[in-house]
4 protein chains.
Amino acid sequence: MKTSRLEAFSDGVIAILITIMVLELRVPQGADWAALRPAIPKFMAYVLSFTFLGIYWNNHHHMLHAAERVNGRIMWANLHLLFWLSLMPVTTAWWGESRFAPLPTAVYGVDLVLAGVGYVVLQTAIVAHHGPDSRLAEAIGGDFKGKLSLASYLIAIPLAFWYPYVSSGIYLFVACMWLIPDPRIESRLK
Amino acid sequence: MKTSRLEAFSDGVIAILITIMVLELRVPQGADWAALRPAIPKFMAYVLSFTFLGIYWNNHHHMLHAAERVNGRIMWANLHLLFWLSLMPVTTAWWGESRFAPLPTAVYGVDLVLAGVGYVVLQTAIVAHHGPDSRLAEAIGGDFKGKLSLASYLIAIPLAFWYPYVSSGIYLFVACMWLIPDPRIESRLK
Amino acid sequence: MKTSRLEAFSDGVIAILITIMVLELRVPQGADWAALRPAIPKFMAYVLSFTFLGIYWNNHHHMLHAAERVNGRIMWANLHLLFWLSLMPVTTAWWGESRFAPLPTAVYGVDLVLAGVGYVVLQTAIVAHHGPDSRLAEAIGGDFKGKLSLASYLIAIPLAFWYPYVSSGIYLFVACMWLIPDPRIESRLK
Amino acid sequence: MKTSRLEAFSDGVIAILITIMVLELRVPQGADWAALRPAIPKFMAYVLSFTFLGIYWNNHHHMLHAAERVNGRIMWANLHLLFWLSLMPVTTAWWGESRFAPLPTAVYGVDLVLAGVGYVVLQTAIVAHHGPDSRLAEAIGGDFKGKLSLASYLIAIPLAFWYPYVSSGIYLFVACMWLIPDPRIESRLK
């Protein structure tokens, strides 16, 4: 299977996810400010998830672009990642609708950590297929950001049952960390 | 018509299906564990259907990739397959929401068997267009997995009215059987 | 603008339409046959609209494939066609939910006739851009099927207020007429 | 990153947006004219937003087509534009459902102005990457239409609290202004 095919399918799924999320932002009941107020936490959750999906699209694209070939294991690792990403519209909507209540905040974090693990699994499968001395393996290096993200989520999830706003802040911090463009793969490829 | 066009359209439809299914996973009403519990069977049904659609995407891609040309009959056989796949979001949601009740379990199986028949019809149309001595016809061979799947569904559907959990287990078994990557077409192409 | 771009966008929109229509097939309330019964007319309407969108995708693809270049007028004529097609999920759902009641049957026909007119407008814009002596203009010829479809819709719409089932039968007849593959453009291109 | 990738992703998102908007056009409750009446303002809002998304797709395509290379800043400026466009299904539905009430009319305008600003930011990022003497920078020129659109929105938003119909008319005027094909980039490229 060609890399381009997997890229196109993944891009398609992420483009659909990032777009249908808006369908969970229900139309306010009524036409005044009071009707708009309950939409605010949901909108905030939407902004964060839009950013996360944008980050995944960007990093996923760079990684697959650096890959040269794909096997069955990579294909299923990729679908596994897309599975956890595909839950984001629902976990986001629940998180926002509950106004960042403990359980939904934790569940949102569980989805983030499983998507993060899915990304690492995919990365490992691609590196295994290209060899530890490949350009890609070098470029990924220690993957400090990836490890810090997973660690942050693992702290935020139990914390959500006591301090859900702190956990929400941790998710925001991780997104900001990734928004800074990742020079690892790009610079090595030059 | 070029094969690439049919591939792109089918990939698009499957990518959309696998993604919009999540919209049927309604946001839980309430923010506690009690609100989350009814979502569990629906989530399990979602996992299985995501896997089935992933399998179809993978096999469909391999088959169309091996094909060299497309005619009107192949195009309509392909749309026929996509039709039964397109019902999966609804049959999945009904199956999960009913907590695997008899009728929804049977209906889910009917959708699976019709998609399976649609796949065989498409395969037959492609083989007929390429000739029985083509690389593709050889690669498909006896299609043991395909036949076993259809037979399993045909047992599971009537069984669902007495033992819906057994039928559900049969669907799970078929998915697991296909998750093992299919070396038939791939190996012959080498 | 390249033809391929317009083709890809249109294919994308039609693939999404044909897929999201299923979201209007609501999950039955309850798990028995009684719950399934109200879904039957909606399912029948869904089958017909899936077929119509498949026909549009096929014919649209052949027409754009025969085209060599695109201008602003063609682009907007194409968006105009997509607009009427984009209403099909809603008109279909209303038609099916009402069990083919007079007004929804007429409205469904109005959408079909406007999509049909949109197709003719697009065809005319493409022919005008390529010249009346072009391969495409020849291939389209008298467009007997297109004219018969529009005439059938125009009879079916007023008839729907007295005999909605007859109008529904006319829509079915038009779909069947188009399901027979259109040899006009294909054969001329050879 | 190649321009084609960004184009494909953006085209995908816009194709999905323009299509899922129809899901907010709820199926009328009942099968008579009275049931259809509340759908009319929503339908009118839908027509306008379909047109706006068509305009964005067209202009965005021309701009990215003229671009030769993409960097991280352009990629995020593009996602920022897509974010505001992705809210259009919800702001449109609220605007139409409220029958063009003051607050929803203003919110619809806020979404339009932020999408417009997002477009300008993207344009600026692309020009900055290609240099002020590039073909693209020349082609954009003074961007009179873009500035007039933003100014119109900024007048329409506060006005909506007193004369929402006048504001709605201003949105309609901006759409009509853009429907006239934009010869700037096209003509310069020749």
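Let us look at the structure shown here.

Reading the values: rules and limits
- Residues numbered from 1 in each chain as written.
- Chains lettered and ligands numbered in written order.
- Predicted model: local features only at pLDDT ≥ 70, side-chain atom pairs only at ≥ 80, totals over all residues.
- Heavy atoms only, no water.
- Contact = heavy atoms within 4.5 Å.
- Buried area = accessible area lost by both parts, 1.4 Å probe.
- Salt bridge = Lys/Arg side-chain N within 4 Å of Asp/Glu carboxyl O.
- Helix = DSSP H or I, 4+ residues; strand = E, 2+ residues; numbered from the N terminus.
- Nonpolar A, V, L, I, M, F, W, Y, C, P; charged D, E, K, R; others polar.
- Phe/Tyr/Trp six-rings, centres within 6.5 Å; stacked < 30°, edge-to-face > 60°.
- Buried < 20%, exposed > 50% of the residue type's maximum accessible area, 1.4 Å probe, protein only.
- Polar contact = N/O pair within 3.5 Å; in protein donor to acceptor, adjacent residues only side chain to side chain.
- 1 Å grid on protein atoms, 1.4 Å probe; cavity = no way out; pocket = protein on both sides within 12 Å on 5 of 7 lines; lining within 4 Å.
- Points joined across faces, edges and corners; volume = space filled by probe spheres on them.

Focus: the interface of chain A and chain B
In this complex, chain A contributes 30 residues to the contact, which on the side of chain B involves 32 residues. Taken together, the two surfaces of chain A and chain B that pack against each other cover about 2,700 Å², and 79% of this comes from carbon and sulfur. If you sort the residues of chain A by the area they bury against chain B, Arg5, Phe9 and Trp76 of chain A come out on top, with a joint share of 25%. Counting every contact that joins chain A to chain B gives two salt bridges. Here Arg5 of chain A makes a salt bridge to Asp11 of chain B, at a shortest N to O gap of 2.6 Å. At the level of elements, α1 (3–20), α4 (72–86), α5 (88–97) and α6 (102–130) of chain A are the ones that each hand at least two residues to the side of chain A that touches chain B. Partitioned by chemical class, the residues of the side of chain A that touches chain B number 24 nonpolar, two polar and four charged.

Comments concerning the packing of aromatic side chains
One pass over the full model with this rule turns up 52 aromatic pairs over all chains. Pairing Phe83 of chain C with Trp84 of chain C gives two aromatic rings, centres 4.9 Å apart and planes at 80 degrees, and the pair type is edge-to-face. Neither Phe83 of chain C nor Trp84 of chain C differs from the other in exposure class; each is buried. Aromatic ring contacts, followed pair by pair, group Trp95, Phe100, Tyr108, Tyr153, Tyr165 and Tyr171 of chain A into a single cluster.

Some details on the side chain of Ser149 of chain D
Residues and elements named next belong to chain D. With respect to the helices, strands and loops of the structure, Ser149 is situated in helix α8 (residues 144–159). Take Ser149: its relative accessible area is 4%, and that puts it in the buried class. In this structure the side chain of Ser149 is engaged in a polar contact, spanning 2.7 Å, whose partner is the backbone oxygen of Lys145. Aside from chain neighbours lying at most four places away, what touches Ser149 is Val174, Met177 and Trp178.

Topic: the interface of chain C and chain B
With 32 residues of chain C at the contact, the number on the chain B side is 30 residues. Both faces considered, chain C and chain B share a buried interface measuring about 2,700 Å² in area, 79% of it formed by carbon and sulfur atoms. Taken together, the connections running from chain C to chain B amount to two salt bridges. Residue Glu7 of chain C is joined to Arg5 of chain B by a salt bridge in which the shortest nitrogen-to-oxygen separation is 3.3 Å. The interface formed by chain C and chain B includes six residue pairs in polar contact (both at pLDDT 80 or more). Among the elements that line the side of chain C that touches chain B, the one with the most residues is helix α3 (residues 39–66) of chain C, at 12 residues. Residues of the side of chain C that touches chain B, tallied by class, amount to 21 nonpolar, eight polar and three charged.

With respect to the pattern of salt bridges
A full pass over the atoms with the stated rule returns 16 salt bridges over all chains. The salt bridge partner of Lys42 of chain A is Glu97 of chain A, with a shortest N-O separation of 2.6 Å. Placement of the pair is Lys42 of chain A in helix α3 (residues 39–66) and Glu97 of chain A in helix α5, with a sequence separation of 55 residues. Using a relative accessible area of 8% as the deciding quantity, one classes Lys42 of chain A as buried. Here Glu97 of chain A falls in the partly exposed class, since its relative accessible area comes to 37%. Linked through salt bridges whose partners overlap, the residues forming this network are Arg5 of chain A together with Glu7 and Asp11 of chain B.

Thoughts on the layout of surface pockets
Reported here for the largest pocket is a volume of approximately 1,600 Å³. Lining the largest pocket are 46 residues, and of these Ala8 of chain A, Ala8 of chain B, Ala8 and Phe9 of chain C together with Ala8 of chain D lie nearest its centre. Among the secondary structure elements, those contributing two or more residues to the lining of the largest pocket are α1 and α3 of chain A, α1 (3–20) of chain B, α1 (3–20) of chain C together with α1 (3–20) and α3 (39–66) of chain D. Here the residues of the lining of the largest pocket are counted per class, giving 16 nonpolar, 14 polar and 16 charged.

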